[in-house]
Amino acid sequence: MVRTERQHMDIKHFIRTIPDYPKSGILFRDITTLLSDPEGFRGAVDALVKLHTGAKFDKVAGIEARGFILGGAVAHQLGLGFIPVRKKGKLPHETIGQEYDLEYGTDTVEIHKDAVAPGERVLLIDDLIATGGTAEAAVKLIVKAGGSVGAASFVIELPELGGRQRLEDLDIEVLSLCSFEGH
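What counts and what doesn't
Residues numbered from 1 in each chain as written. Predicted model: local features only at pLDDT ≥ 70, side-chain atom pairs only at ≥ 80, totals over all residues. Heavy atoms only, no water. Core = buried A, V, L, I, M, F, W, Y, C linked by side-chain atoms within 4.5 Å. Buried < 20%, exposed > 50% of the residue type's maximum accessible area, 1.4 Å probe, protein only. Helix = DSSP H or I, 4+ residues; strand = E, 2+ residues; numbered from the N terminus. Contact = heavy atoms within 4.5 Å. pLDDT = per-residue confidence, 0-100. Salt bridge = Lys/Arg side-chain N within 4 Å of Asp/Glu carboxyl O. Pairing = 2+ DSSP bridges. Axes fitted to C-alpha atoms, helices over the stretch in contact; angles between N-to-C directions.

Examining the nonpolar core
I11, I15, L70, V74, V155 and I156 are the most contacted members of the largest nonpolar core, which has 28 residues in total. Of all the secondary-structure elements, those providing two or more residues to this core are α1 (32–36), α2 (38–50), α3 (66–78), β9 (121–129), β10 (148–157) and β11 (173–179). If you tally residues by element for this core, the top one is α2, at five residues. Apart from residues lying up to four places away in sequence, V74 is in contact with V45, L48, V49, V60, L123 and I125. Among the nonpolar cores identified, the runner-up in size contains 26 residues, and V109, A115, A138 and V174 belong to it.

Focus on the confidence of the model for the protein
Per-chain confidence: the protein averages 94 in pLDDT, with 95% of residues scoring 70 or above. Scored below 50 in pLDDT, residues 1–7 makes 17 contacts in the model with residues more than four places away or belonging to other chains.

A look at the pattern of salt bridges
In the structure shown here, the tally under the stated rule is nine salt bridges. We note a salt bridge from K140 to E136, for which the minimum N-O separation is 3.5 Å. With K140 and E136 both in helix α4 (residues 133–144) and four residues apart, this pair spans about one turn of that helix. Classification of K140 by relative accessible area gives partly exposed; the value is 37%.

Some details on the sheet that holds strand β7 (residues 95–102)
The strand order β7-β8-β6-β5-β9-β10-β11 describes an open sheet built from seven strands, whose pairing is mixed. Bordering the open sheet on either side are β7 and β11, each of which pairs with just one other strand. Within the sheet, the average angular offset between the axes of one strand and its neighbour, ignoring direction, is 25°. Looking at chain direction, strand β6 (residues 81–87) and strand β8 (residues 105–112) are connected through two bridges and run antiparallel. Along β8, the bridge assignment pairs K87 with V109. This element, α4, spans β5 (59–63), β6, β7, β8, β9 and β10 of the sheet and lies at about 155° to β7.

Below is the structure:
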């Protein structure tokens, strides 16, 4: 349960589960239903902001693509700038990148070279943490740029897949609004 200022809200109520997507055996947790509901969307953003009451950050980073939606809204609420963490080749200016492993192969995330000033403290936001590979790459990328990640927050956590531990091993505080068993 997530407590918002307006009422008690069960974030899970707004999340649709799609079986066997993108492949057989996967239960895809779809937040588009959360985002399309005004109460659910506001409740999720308010809850993500509330997780960090009193914390000091300089910027918010969001991981492509749903992390852009949530991270941008959180940055707005906190009065901070926003850093888009994008897949390779999507940003128009000079970038730095961080490669990470996929089930079969690798991928790369990038930020603009000037997105993070040395010493800036960043809050990382995404919709879901599963294995933590993309989030770990985003953390390493922000550190490579000279910043630090003070916390990483997610709407959904899939605890069985170990993403939390992966980030905690990097001394990152990991917070989530809800969790689902399975994957």
